[in-house]
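Reading the structure
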Amino acid sequence: MVDIDVLIVGGGPVGLTASILLSRHGVRSLLVERHPGTAIVPKSRGINARTMEMYRQCGLESAIRGAGLATERTGLIVWAETLAGKEIERRVPGRATPANMAVTPTRNCLCAQDDLEPVLRRFAEDSKLGELRFSTELTALTYDDNGVSAVLLDRASNTERAIRARYLIAADGAQSRVRRQLGARMVGEERIYDSVNILFHADLTPWVEHRPAALYFIEQPELRGTFLTINGTDRWGFLIHSLEQYGFKPEDFTPEHCTRLVRQAAGVPDLPVS
């Protein structure tokens, strides 16, 4: 049976960062992630200033900023009826004001999760104390006063391996199987917000380059959504809010319907979308 100081379940930003921090403090860890690699879709995008301060201390700040967008390309938040139509309002986010910037040596960063995770993985793998195993799933877990015993499944070879760890970090997401097994409930109500996020490619440069923003809120009587900046040119997310309020159901979101909604929000009926 393998014996390790800390078992980390989940290879997203939380798990990878935990591996890096443990290595910096001289603690051996093993990270397991059931997927074969890092994220393949953006999911989250924003890294706040406090987190960037931590990454700065770990020597990761430059690499993360290199993978993300330059700060001058996301300096605003914009409200509009459509991207090509009437602008309602624009603001500089409070976190970017001189007063807030004066209290930190760094600032927030926009770096999509599928761009961020490879950077974190590379730094985590560079350490001799942190081992990473992808395509590896936690299938069984017991614990006592001295630690945890786990069974890990190698999904590539379909073989199992037992492991003993002094501690376990559950970094396996909002639907954490570890958390559910431990009976740890989330605080507050669940399922209070319904939305769909459309990931698409389209060149929106003509309507955004003069007002670079992290978020473009679209306000229409029959559609309320948000363009989420990913690379600031041709890779975007479009978040549809409050589906029930506008009569949408999840099954309505076929590729054709998503394309229509993106074109409607952009205000460009013939916009090429993929």
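See the structure printed just above.
In what follows, the accompanying structure is described. For every chain, the first residue of the written sequence is number 1, and numbering continues from 1 onward in sequence order. Two thresholds apply to this predicted model, a pLDDT of at least 70 for residue-level local features and 80 or more for giving and counting side-chain atom pairs, whereas whole-chain, interface and lining totals are computed over all residues. With hydrogens and water excluded, all non-hydrogen atoms of the structure serve as input to the side-chain values.

Our focus in this paragraph is the pairing of strand 4 (residues 76-80). Any residue under 20% of the maximum accessible area for its type is buried, any over 50% is exposed, and the rest in between are partly exposed; the area is computed with a 1.4 Å probe on protein chains only. Secondary structure follows DSSP: runs of H or I at least 4 residues long count as helices, runs of E at least 2 residues long count as strands, and numbering of each begins at the N terminus. Counting buried positions over the five residues of strand 4 gives five, a clear majority of the element. Side chains of strand 4 alternate between two faces, with L76, V78 and A80 and I77 and W79 buried alike. Should DSSP find at least two bridges between two strands, the strands are regarded as paired. Across five bridges, strand 4 lies against strand 12 (residues 213-220) in parallel orientation. If you follow L76 over to strand 12, its bridge partner there is A213. As defined by bridge partners, strand 4 adjoins strand 5 (residues 87-91) across four bridges and the pair is classed as antiparallel. Within strand 5, the residue paired with V78 across the bridge is R90. Hairpin connection, strand 4 to strand 5: the antiparallel pair is bridged by six residues.

What follows covers the nonpolar core. Grouping buried Ala, Val, Leu, Ile, Met, Phe, Trp, Tyr and Cys residues that are joined through side-chain atoms within 4.5 Å yields what is termed a nonpolar core. With 29 residues, the main nonpolar core has I198, F200, L204, F227, F238, I240 and F253 as its most contacted residues. Residue assignment for this core shows that the elements contributing at least two residues are strand 4, strand 11 (195-201), strand 12, strand 13 (223-229), strand 14 (235-241) and helix 8 (255-266). Per-element accounting of this core gives the leading share, five residues, to helix 8. The residues contacting F227, other than those within four sequence positions of it, are L83, F200, L204, A214, L215, Y216, I218, G237, F238, V262, A265 and A266. Residues I20, C58, L120 and F134 belong to the second largest nonpolar core, which totals 22 residues. Contact definition: two residues touch when any of their heavy atoms are within 4.5 Å.

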